[in-house]
Amino acid sequence: GVAQPASAALLPRIVDKTKLLRANSVLSMVNDSTQLGGWALGGLLVVVMDGQAVIALTFVLYILSTCCIVFIVDKTPLEKNIARSKWQELTEGFRIIITIPPYRAIHIVLVAESIANIVWVAAIMYIFVADVLQVSEAWWGYLNATFFIGLIIGGFVCTKFENQLNEKMKEAIIGSSFLVATLLFGFGLNSIAVIALFVSLAYGVFEQIKGILITTFLQTEASDEQLVKIYSAQGVIVSFVFGVSILIAGTVANVLSVQWIYI
């Protein structure tokens, strides 16, 4: 919860503004590749080793990653905060988001998406795989794998077409958002497992492109000091809305078909 907004705000402090799209793309590909391989490797380690050994190994990996942070050099000078109340400091990120139109527009998109993203929660996906696709639980893993492969491909696309996407960023965000919505709608209506794999792959590609572009837009437009506050407020808003939405979705899934949640 602390590391995510901090790392998102750190990137534009150590990377040139003109290289942000490429940096975000590479970082996303590394993260997604690690997650894709990590799930498989983690499952294998649990089978081979006992649970305590896996937890100990995880602890060692966290220590190593923490030591690596020492080598990150942030030369951006810190601005001294003007004396203000604690309440003003806590709410500053929310005020920046609400009062500046481009940030407000982006966060309306993010809030709407955090509601929509409940369809990928394990409880909803499990019901969809069993009741709609009518295949074994293994297909839940296949769908996750194709989604992550799509994310990695999306990162490559952003790296390959960096200049074009930088020039047409607004149009690319709108276009990729429309495609993500269309693919999700198609995923929910579909009941053929093989087709679901291809839709999941395509969804991952355009979801990644959209996410990288939105992140790059915020990092380019906002100042270094604003970014930390924006990402902190963003985390609070998105997490709260996502949590409430999961509760509502659980109720809907009990009353109606799970396909209605996707629609």
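Use the structure listed above.
Description of the structure in this document. (Residues numbered from 1 in each chain as written. Predicted model: local features only at pLDDT ≥ 70, side-chain atom pairs only at ≥ 80, totals over all residues. Heavy atoms only, no water.)

### Some thoughts on the overall build of the chain
Item 1. Looking only at helices and strands, the chain has 12 helices and zero strands in total.
Item 2. Shown N-terminal to C-terminal, the secondary structure of the chain runs as helices and strands in the order α-α-α-α-α-α-α-α-α-α-α-α.
Item 3. The C-alpha radius of gyration of the chain comes to 20 Å, within 12% of the 18 Å expected for a compact globule of 263 residues.
Item 4. Summarising its shape, the C-alpha atoms of the chain cover approximately 60 × 45 × 40 Å along the three principal directions.
Item 5. The buried share of the chain, reckoned over its 263 residues, is 35%.
Item 6. Counted over contacts in the chain with a minimum sequence separation of 6, partners at least 24 positions apart contribute 80%.
Item 7. With the model as given, the accessible surface of the chain reaches about 15,700 Å², and the carbon-plus-sulfur share is 71%.
Item 8. Between the mean site of the 15 positive side-chain charges and the mean site of the 17 negative ones, the chain shows a separation of 9 Å. (Helix = DSSP H or I, 4+ residues; strand = E, 2+ residues; numbered from the N terminus. Rg over C-alpha atoms; globule rule 2.2 N^0.38 Å. Buried < 20%, exposed > 50% of the residue type's maximum accessible area, 1.4 Å probe, protein only. Contact = heavy atoms within 4.5 Å. Areas by Shrake-Rupley, 256 points an atom, 1.4 Å probe, with all protein chains shown as cover. Lys, Arg positive; Asp, Glu negative; His and termini not counted. Charge placed at Lys NZ, Arg CZ, Asp CG, Glu CD.)

### Overview of the packing of aromatic side chains
Item 1. Evaluated as defined, the whole model comprises 11 aromatic pairs.
Item 2. Note on Trp120 and Phe187: the rings are 5.2 Å apart at their centroids and 55° apart in plane angle, and the pair reads as tilted. One end of the pair, Trp120, is in the loop between α5 (101–116) and α6 (122–133); the other, Phe187, is in helix α9 (residues 169–189), with 67 residues separating them in the sequence.
Item 3. Residue Trp120 is classed as partly exposed on the basis of its relative accessible area of 24%.
Item 4. For the pair Tyr126 and Trp140, a centre-to-centre distance of 6.2 Å together with 80° between the ring planes defines the contact as edge-to-face. (Phe/Tyr/Trp six-rings, centres within 6.5 Å; stacked < 30°, edge-to-face > 60°.)

### Observations regarding the side chain of Gln234
Item 1. Position of Gln234 relative to the elements: it lies in helix α11 (residues 224–255).
Item 2. Among residues more than four places away in sequence, those in contact with Gln234 are Ile97, His107, Leu110 and Leu218.

### A word on the nonpolar core
Item 1. Membership of the largest hydrophobic core comes to 26 residues, with the highest contact counts inside it found for Phe128, Leu143, Phe187, Val258, Ile261 and Tyr262.
Item 2. At the level of secondary structure, the elements contributing two or more residues to this core comprise α6, α7 (138–160), α9, α10 (193–221), α11 and α12 (259–262).
Item 3. Residue contributions to this core peak at six residues, all from α6.
Item 4. Not counting chain neighbours up to four residues away, the residues in contact with Leu143 comprise Met125, Val129, Leu133, Phe187, Ala196, Leu197 and Ser200.
Item 5. Ranked by size, the runner-up nonpolar core spans 25 residues in total, among them Leu21, Ile106, Leu165 and Ile230. (Core = buried A, V, L, I, M, F, W, Y, C linked by side-chain atoms within 4.5 Å.)

### Section: the state of the cysteines
Item 1. Per the stated rule, a full pass over the model turns up zero disulfides.
Item 2. The thiol sulfur of Cys67 is not disulfide-bonded, and the nearest other cysteine sulfur, from Cys68, lies at 7.0 Å.
Item 3. Taking the relative accessible area as the measure of exposure, Cys67 reaches 43% and is therefore partly exposed. (Disulfide = S-S within 2.5 Å.)

### Details of the pattern of salt bridges
Item 1. As enumerated under the stated definition, the model contains five salt bridges in all.
Item 2. Across the pair Glu92 and Lys229 runs a salt bridge, and its minimum N-O distance is 3.5 Å. Residue Glu92 is found in helix α4 (residues 86–99), and its partner Lys229 is found in helix α11; the two are separated by 137 residues along the sequence.
Item 3. In this structure Lys229 comes out as partly exposed when scored by relative accessible area, which is 22%.
Item 4. For Glu207, the salt bridge goes to Lys210, with nearest N and O atoms at 3.4 Å. In this pair, Glu207 and Lys210 are both assigned in helix α10, three residues apart and thus about one turn of the helix distant. For the pair shown, Glu207 and Lys210 are each scored as buried.
Item 5. Among the ionic contacts, a cluster of salt bridges with common partners joins Glu113, Glu207 and Lys210. (Salt bridge = Lys/Arg side-chain N within 4 Å of Asp/Glu carboxyl O.)

### Things to note about α5
Item 1. Spanning 16 residues, α5 covers 23 Å between terminal C-alpha atoms, matching the ideal 22 Å at 1.5 Å per step.
Item 2. Residues Tyr103, Ile106, His107, Leu110, Glu113 and Ser114 constitute the buried set of α5. The buried residues of α5 all sit within an arc of 120° when viewed along its axis, so they share a single face.
Item 3. Buried positions along α5 lie against α4, α10 and α11. (Expected span 1.5 Å × (residues − 1). Arc of directions from axis to C-beta.)

### Describing the side chain of Gln208
Item 1. Here Gln208 is to be found in helix α10.
Item 2. Beyond its immediate stretch of four places on either side in the chain, Gln208 contacts Ser28, Asp32, Leu151, Gly154 and Gly155.

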